[in-house]
Amino acid sequence: MPADHRLLGETAHAQPYLVLGDKYARAVKISAQAQPVMFPLADAAQVPQLLAQVDGVVLTGSPSNVHPRHFGEAVADPRLPLDEQRDEVTLAVVREALARDVPLLGICRGFQEINVALGGSLHQAVHALPGHLDHREPKEAPLEQQYAPRHEVTLQPGSLLHRLAGGAPVVRVNSLHGQGIKRLGRGLRAVAHAPDGLIEAVEFEAAHAFALAVQWHPEWRCWEDALSSAIFRAFGEAVRQRRARRLREARTFAAAPETPA
Ligand SMILES: N[C@@H](CCC(=O)NCCCC(=O)O)C(=O)O
């Protein structure tokens, strides 16, 4: 799971921290029944070696935005936070995980990172687009209201997400984002849309393993919601399948006779 790079503490004495949201780790632990791990201060060059040590990747949400230079644009609103150290690692993780069929779940910012890593782009302010909803959360409201279901999404029949939703054509989801998909990345299939047409979930068409990303927050009290639980349960199953395959391959390699010099 990625680390956010944040300054925490009183402004005059703020210090840099590496941050992972508790609700993401808890959803992996409880609903996916997997052990979250982080690689603090990892850099893009280490990604192949680090991915060989894990059986799945969850790219979490974050208040920070993916730097628009990754999709050829300038920053539209300099007041909004960025996290370029995170970008450098997660964009590499997306490409390597998909190339190696490492189970991949993207949430909110993680959904956007997957799209950008595959050559897609983002609207930097969805609420400023004619005919679009304001997908941002009421920031002054209590958390229960911020993460409450806010709008419907229509699910694509035949998609993994549609199956995980038990065939429901529409579900209600929470919404805590100012950015959204503009140009869809290579190999991605849009599998859920908001009422204003914004893409709200994608799947990677060529994936042989779990590869799903959603713009909303299924990690929020996921054990209370059928679709959220199903998403993390399916991710956890994919993680255990990869682990079993990895251990089988390791035993096979260990048992192989030494080739004569
Ligand atoms: N900054 C991006 C992504 C928004 C996002 O991930 N929000 C969640 C923040 C809090 C949490 O981790 O739950 C955007 O604004 O589109």
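Keep in mind the model is a prediction, meaning the values are calculated, not measured.

1. Digging into the packing of helix α3 (residues 84-99) against helix α4 (residues 109-117)
So, point 1. Put simply, α3 and α4 touch, their axes get as near as 9 Å, and they point 65° apart. One element, α3, and the other, α4, form an angle in the roughly perpendicular class. Of the two possible hands of crossing, α3 and α4 adopt the one that is right-handed. On α4, the residues that touch Arg86, Asp87, Thr90, Leu91, Val94 and Arg95 of α3 are Arg109, Gly110, Glu113, Ile114, Val116 and Ala117.
So, point 2. Its residues assigned to classes, the contact of α3 with α4 comprises five nonpolar, two polar and five charged.

2. Things to note about the pattern of salt bridges
Pairing between side chains becomes possible if they bear opposite charge and their charged atoms approach one another.
So, point 1. Inspection of the entire model under this criterion finds 17 salt bridges.
So, point 2. Of the charged contacts, one joins Arg221 and Glu144 as a salt bridge, the two residues approaching to 2.7 Å between their closest N and O atoms. Residue Arg221 is located in the loop between β11 (211-214) and α7 (226-255), and its partner Glu144 is located in helix α5 (residues 143-146); the two are separated by 77 residues in the primary sequence.
So, point 3. Using a relative accessible area of 30% as the deciding quantity, one classes Arg221 as partly exposed.
So, point 4. Given the relative accessible area of 43%, Glu144 is considered partly exposed.
So, point 5. Members of the salt-bridge network, linked through shared partners, are Asp4, Arg6, Arg86, Asp87, Arg109 and Glu113.

3. Comments concerning the environment of Leu227
So, point 1. Structurally, Leu227 can be placed in helix α7.
So, point 2. Overall, Leu227 belongs to the buried group, its relative accessible area being 9%.
So, point 3. Once the C-alpha coordinates of Leu227 and Gly166 are considered, the two residues, 61 residues apart in sequence, prove to be 8.2 Å apart.
So, point 4. Setting aside its immediate chain neighbours within four residues, Leu227 contacts Leu161, Leu164, Ala165, Val171 and Trp216.

4. So, the confidence of the model for the protein chain
So, point 1. On average, residues of the protein chain score 96 in pLDDT, and 100% of them reach the 70 mark or higher.
So, point 2. Here the predicted complex carries an ipTM of 0.99, next to a pTM of 0.96.

5. Some details on the sheet that holds strand β6 (residues 151-155)
So, point 1. Within the open sheet, the seven strands sit side by side as β3-β4-β11-β10-β9-β6-β7. Their pairing is mixed. Looking at strand neighbours, the two that pair on one side only are β3 (57-59) and β7 (170-173), the edges of this open sheet. If you compare each strand with its neighbour and ignore which way they point, the axes differ by 25° on average.
So, point 2. Pairing of β6 with strand β9 (residues 188-193) involves two bridges; the strand directions are antiparallel.

Scoring rules and cut-offs
- Residues numbered from 1 in each chain as written.
- Predicted model: local features only at pLDDT ≥ 70, side-chain atom pairs only at ≥ 80, totals over all residues.
- Heavy atoms only, no water.
- Axes fitted to C-alpha atoms, helices over the stretch in contact; angles between N-to-C directions.
- Helix = DSSP H or I, 4+ residues; strand = E, 2+ residues; numbered from the N terminus.
- Parallel < 35°, antiparallel > 145°, perpendicular 65-115°, else oblique.
- Left-handed = near helix turned anticlockwise from the far one by under 90°.
- Contact = heavy atoms within 4.5 Å.
- Nonpolar A, V, L, I, M, F, W, Y, C, P; charged D, E, K, R; others polar.
- Salt bridge = Lys/Arg side-chain N within 4 Å of Asp/Glu carboxyl O.
- Buried < 20%, exposed > 50% of the residue type's maximum accessible area, 1.4 Å probe, protein only.
- pLDDT = per-residue confidence, 0-100.
- Pairing = 2+ DSSP bridges.

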